[in-house]
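Survey of secondary and tertiary structure
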Amino acid sequence: MKILVVNAGSSSLKYQLIDMDGEKELAKGLVERIGIEGSKLKHSAGDKKTEIAQEIPDHEAAAQLMLKILQDPEFGVIKSTDEIGAVGHRVLHGGSAFTASVIVNDAAKQAIRDCFPLGPLHNPANLMGIEACEKVMKGTPQVAVFDTAFHQTMPPKAYMYGVPKMYEEKLHVRRYGFHGTSHRYVSRRVCEFLGISPIGKKIIICHLGNGSSLSAVMDGKCQDTSMGLTPLEGLLMGTRCGSCDPAVVQFIANNPLNDDGTPVGHSISVDEVLTMMNKKSGLLGISGKSSDCRDIDDLASKGDPNAKLAQDMLIYGIKKYIGSYAAAMGGVDIIVFTAGIGENNADLRAQVIDGLEFMGAKIDTEKNKTRKEAVISADDSKVTVCVIPTNEEIMIARDTLDLVTTGKVRDN
Ligand code: AMP
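What counts, and where the lines are drawn
Residues numbered from 1 in each chain as written. Predicted model: local features only at pLDDT ≥ 70, side-chain atom pairs only at ≥ 80, totals over all residues. Heavy atoms only, no water. Helix = DSSP H or I, 4+ residues; strand = E, 2+ residues; numbered from the N terminus. Buried < 20%, exposed > 50% of the residue type's maximum accessible area, 1.4 Å probe, protein only. Contact = heavy atoms within 4.5 Å. Areas by Shrake-Rupley, 256 points an atom, 1.4 Å probe, with all protein chains shown as cover. Lys, Arg positive; Asp, Glu negative; His and termini not counted. Charge placed at Lys NZ, Arg CZ, Asp CG, Glu CD. Pairing = 2+ DSSP bridges. Core = buried A, V, L, I, M, F, W, Y, C linked by side-chain atoms within 4.5 Å. Salt bridge = Lys/Arg side-chain N within 4 Å of Asp/Glu carboxyl O. Polar contact = N/O pair within 3.5 Å; in protein donor to acceptor, adjacent residues only side chain to side chain. Expected span 1.5 Å × (residues − 1). Axes fitted to C-alpha atoms, helices over the stretch in contact; angles between N-to-C directions.

Looking at an unreviewed UniProt entry, one finds the chain named Acetate kinase and attributed to Aristaeella hokkaidonensis.

**Some remarks on the overall build of the chain**
Helices and strands together make up the secondary structure of the chain, namely 14 helices and 14 strands. Projecting the C-alpha coordinates of the chain onto the three principal axes gives extents of approximately 60 × 55 × 50 Å. Going through the 412 residues of the chain one by one, you find that 49% of them count as buried. Residue pairs in contact within the chain that sit at least 24 positions apart in sequence constitute 60% of those at least 6 positions apart. Of the roughly 19100 Å² of accessible surface on the chain, 52% is carried by carbon and sulfur atoms. When the 46 basic and 52 acidic side-chain charges of the chain are each reduced to a single mean position, those positions are 3 Å apart.

**What to know about the pairing of strand 12 (residues 334-338)**
A large share of strand 12 lies buried, amounting to five of its five residues. Side chains of strand 12 alternate between two faces, with Ile334, Val336 and Thr338 and Ile335 and Phe337 buried alike. Relative to strand 12, strand 9 (residues 202-208) runs parallel, the two sharing five bridges. Looking across to strand 12, one finds that His207 is bridged to Thr338. Where strand 12 and strand 14 (residues 384-387) come together, four bridges link them in parallel fashion. Paired with Ile334 across the bridge in strand 14 is Thr384.

**Structural notes on the nonpolar core**
A general trend in soluble globular proteins is that nonpolar side chains are found buried together. Ranked by internal contacts, the top residues of the largest apolar core, which has 37 residues, are Leu214, Ile318, Ile322 and Ile335. Elements represented by at least two residues in this core include exactly strand 9, strand 10 (212-218), helix 10 (293-301), helix 11 (305-329), strand 12, helix 13 (346-353) and strand 14. With ten residues, helix 11 is the single largest residue contributor to this core. The residues contacting Ile322, other than those within four sequence positions of it, are Ile204, Cys206, Leu214, Ile335, Val352, Leu356 and Met359. By size, the runner-up hydrophobic cluster in this structure holds 30 residues, among which are Cys191, Val336, Ile394 and Val409.

**Topic: the pattern of salt bridges**
For the coordinates displayed, the defined rule picks out 24 salt bridges. Arg90 is the partner of Glu392 in a salt bridge, and the nearest nitrogen-oxygen pair spans 3.3 Å. On the criterion of sequence distance, the pair formed by Glu392 in helix 14 (residues 392-405) and Arg90 in strand 6 (residues 84-91) is long-range, its members being 302 residues apart. When its relative accessible area of 14% is taken as the criterion, Glu392 is described as buried. A relative accessible area of 21% places Arg90 in the partly exposed class. Taking the shortest distance from any N to any O, the salt bridge between Glu131 and Arg113 comes out at 3.4 Å. You can see Glu131 sitting in helix 3 (residues 123-136) and its partner Arg113 sitting in helix 2 (residues 106-114), a full 18 residues away along the chain. Through salt bridges with shared partners, a single network forms among Arg90, Asp147 and Glu392.

**A look at the side chain of Ser287**
Here Ser287 is to be found in helix 9 (residues 282-287). Engagement of the side chain of Ser287 in a polar contact is seen with the backbone oxygen of Leu283, the distance being 2.8 Å. Side-chain polar atoms of Ser287 contact the backbone nitrogen of Lys289, separated by 3.0 Å. Apart from residues lying up to four places away in sequence, Ser287 is in contact with Ile296, Asn306, Ala307 and Ala310.

**Description of the pairing of strand 10**
The element strand 10 is largely enclosed, with a buried count of six among its seven residues. Inspection of the sheet shows strand 9 paired to strand 10 by seven bridges, in the antiparallel sense. Pairing of Lys202 across the sheet is with Met218, part of strand 10. Between strand 9 and strand 10, which pair antiparallel and follow one another directly, the connecting turn spans three residues. Across four bridges, strand 10 lies against strand 11 (residues 221-225) in antiparallel orientation. Paired with Met218 across the bridge in strand 11 is Lys221. The loop that links strand 10 with its antiparallel partner strand 11 comprises two residues; one of these, Asp219, has a positive phi angle of about 50°.

**Observations concerning unusual backbone geometry**
Despite not being glycine, Arg33 shows a phi value in the positive range, around 55°. Residue placement: Arg33 occurs in the loop between strand 3 (24-32) and strand 4 (40-45). Under the relative-accessibility criterion, Arg33 is labelled partly exposed at 40%. Even without glycine at this site, Asp219 takes up a positive phi of about 50°.

**What to know about helix 3**
For helix 3, built from 14 residues, the straight-helix expectation of 20 Å at 1.5 Å per residue is met to within 8% by its first-to-last C-alpha distance of 20 Å. For helix 3, the set of buried residues is Asn123, Ala125, Asn126, Leu127, Gly129, Ile130, Ala132, Cys133 and Val136. Buried residues along helix 3 sit against strand 1 (2-8), helix 1 (59-70), strand 6, helix 2 and strand 8 (142-146).

**Digging into the sheet that holds strand 12**
One key point about sheets: their strands pair by backbone hydrogen bonds, in either a parallel or an antiparallel sense. Pairing is mixed across the open sheet formed by six strands, whose spatial order is 11-10-9-12-14-13. Every other strand in the sheet has two partners, leaving strand 11 and strand 13 (374-375) as the edge strands with one partner each. In this fold helix 13 packs onto strand 9, strand 12 and strand 14, with an angle of close to 155° to the strand it touches most, strand 12.

Here it is, written out as C-alpha cells:
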C-alpha cells in the first residue's frame, strides 16, 4: 500500500509518499507560502526535481496541487489518487485525549479542535491539512498521529506542575511533551539496531535539532520528557529559551528592552514576552547572531565569546537532563543522539558524554565520527551510546498502515 504522509503548517504543507512494500520513499515535497504572495511547490521524486510557482490561496488548493504533481507524467509517481491507500497526518497536540494514533472521524476532529488552546499555532493548521485532504481525496482514510501521544505514559509525578491541582483538572495544564513520534521511532529502532528487547532497558533519547527535547524511556514506555505544556520548556533551543524561572516573564514584561538594548519605556504583555522567548531567544538570543548550531560552532571556534557561551549552555543543559533522567530511572543502559544536531554534530556529542564516565558512559572518538546509525561508545563503556537518525515520516506511515489494515498500531 502507498501511504501519503502530510505535515501541514499555517502556511505550508509538507508531504511524502511512501510505498509500504519495502518502506520506500517515492516522492516528497513542500508547498510554501500558502495564502501569501510568492507561493510555490517544491517536489522531488528520486533524482527528478521541480518547482512550481503559482497562486495557492488555501490548504485545499495546496492539497490539489500536491495530488496533481504526484500524478504528473514527468515528475509524478502514481497514475491515479486511487493508488494512495491512506493519508497520515502529523498533529502537534493530542492533549490527554490521545495516547495513540487514530483514524480521523468527527469525534477525532472535535478532539483536535478541543486542543486548539494547547497548540494554538499548529493544531488549527494540522486540522486544515486533514480537512483539505478529506475534500480532495474523498473516501481515502485519514489518520492523525500526535506529537504528544508517546509521552502519555508519563506518571503524574513527572507530568504535573506544582501549581494548584485544579489547573490540571479543569484546564489541563500539565506536561505533555513533544517530538513523541521521533522519540518513539528512535526508542524502537535503537533496540532493533542493537538486537535487544526494550523490556528491562533504560534509554535516554536526545532529540537535538532546531527544537530539542530529551526523553527517559523504560521498558519501551516514556517516563519523562523535557518539553512541557508547550514546546518552550526544557533545553536551550534554536530560538527558544527553554526552562527558566517563571518570574523572569513578569520581570521582563515590566522592564522590556528594544533590540538595541535600550529600555522600551513601558511594560509589555505576557504574550509579547512569550513571543520573544519562543522566537528571539535560545542560541539566537545568547549569540546575538544565529539560531543554527553550525553557525554557532563556527563562530565559537573563531573566538566569539557569546557563541561559545550559547554552545556551553546547550551542552551543560543536555548533561543535566541526562544526569537527572539516569537518577529518575535508577540508571541508564543506552543514550541515543538524533535529529539535525544529534546526528551530525560529533563535537557536541563528545562534549556531552565527556565527564559522564562516573555513570559508565565513555565515547570512542573514531566511532563518533559517524552521521549514520552506529554505536559510538567505547568498547569498555557500560552505557551504550548510539546515533540513530530519526524518521518521523516512516513512523506516521506505519501507524497509518496499521490502523487502516488491522485497526490498531503494532507497537505504541
Ligand atoms: P532539525 O531541526 O532536526 O532539522 O535540526 C536543525 C539543526 O541541526 C540546526 O541547528 C543545524 O545547525 C543542525 N545541523 C543540521 N545539519 C547539520 C550538519 N550537517 N552538521 C552540523 N549540524 C547540523
